[in-house]
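Read off the chains here:
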Amino acid sequence: MPSMKSLSTAAGTLRARLSPSLRTRSGGDGPSRWTSPGHEDQPKGFLFNRTPSSESRKWEDWELPCYLTSFLTIVILGVGLNAKPDLTIETWAHQKALERLELESAQTVDSD
């Protein structure tokens with residue numbers, strides 16, 4: 001079994017190796033991987049830095065294909081899910097029961 005001194009030495013070495021990388025990730029010195037200063041010099045003063053409603057906003061390149069694809073997906077799913085066949089066990093059993101009733105009524109008519 002390792003001694004306590006060797007465990008504390010190993011833990012100290014590991015802590016020393018990890019601590020500089022932990023300091024830079026937690027927002028210490030320099031830019032972080034998760035935050036950036038952004039593109040604009042001054043904030044606009046509106047919620048989420050949007051343009052005011054009186055000004056027209058220019059669409060980004062990704063917006064039109066994304067909105068068209070989303071709309072077409074909703075339409076295709078709406079039509080497709082409404083037009084799918086009813087394959088539940090209850091519907092099948094109901095149809096089989098109706099067929100049996102028709103056969104029984106046809107047999108009783110023939111026997112009379």
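Described in the following lines is the structure provided in the data block. Keep in mind that this is a model prediction, so the values were computed, not measured.

1. Notes on the overall build of the protein chain
Reasoning step 1: The secondary structure content of the protein chain amounts to three helices and zero strands.
Reasoning step 2: Of the regular secondary structure in the protein chain, the N- to C-terminal order runs α-α-α.
Reasoning step 3: Residue burial in the protein chain is summarised as follows: out of 112 residues, 2% are buried.
Reasoning step 4: Carbon and sulfur atoms form 62% of the exposed surface of the protein chain, whose accessible area is close to 11100 Å².

2. Here we look at a nonpolar patch on the surface
Reasoning step 1: There is a patch of nonpolar side chains on the surface, built from Trp59, Trp62, Leu64, Tyr67 and Leu68 and spanning about 560 Å² of accessible area.
Reasoning step 2: Mapping Tyr67 onto the fold places it in helix 2 (residues 63-83).
Reasoning step 3: Since its relative accessible area comes to 40%, Tyr67 is described here as partly exposed.

3. Regarding the side chain of Glu63
Reasoning step 1: On the secondary structure map, Glu63 appears in helix 2.
Reasoning step 2: Non-local contacts of Glu63, meaning those with residues more than four positions away in its chain, are made with Arg57 and Lys58.

4. Brief notes about the pattern of salt bridges
Reasoning step 1: This model, assessed by the stated rule, comprises one salt bridge.
Reasoning step 2: The shortest N-O distance in the salt bridge between Lys96 and Glu99 comes to 3.8 Å. Here Lys96 pairs with Glu99, and both are found in helix 3 (residues 89-111), just three residues apart, close to one helical turn.
Reasoning step 3: Its relative accessible area of 35% is what places Lys96 among the partly exposed residues.

5. Quick look at the packing of aromatic side chains
Reasoning step 1: Scanning all chains against the criterion turns up two aromatic pairs.
Reasoning step 2: Ring geometry for Trp59 and Tyr67: centres 5.6 Å apart, planes at 85°, overall edge-to-face.
Reasoning step 3: Look at Trp59 and you get partly exposed, because its relative accessible area is 46%.
Reasoning step 4: Aromatic rings pair up to connect Trp59, Trp62 and Tyr67 into one cluster.

Analysis parameters
Residues numbered from 1 in each chain as written. Predicted model: local features only at pLDDT ≥ 70, side-chain atom pairs only at ≥ 80, totals over all residues. Heavy atoms only, no water. Helix = DSSP H or I, 4+ residues; strand = E, 2+ residues; numbered from the N terminus. Buried < 20%, exposed > 50% of the residue type's maximum accessible area, 1.4 Å probe, protein only. Areas by Shrake-Rupley, 256 points an atom, 1.4 Å probe, with all protein chains shown as cover. Patch = residues over 30% accessible without salt bridge, like charges linked within 9 Å, V, L, I, M, F, W, Y side chains within 5 Å. Salt bridge = Lys/Arg side-chain N within 4 Å of Asp/Glu carboxyl O. Contact = heavy atoms within 4.5 Å. Phe/Tyr/Trp six-rings, centres within 6.5 Å; stacked < 30°, edge-to-face > 60°.

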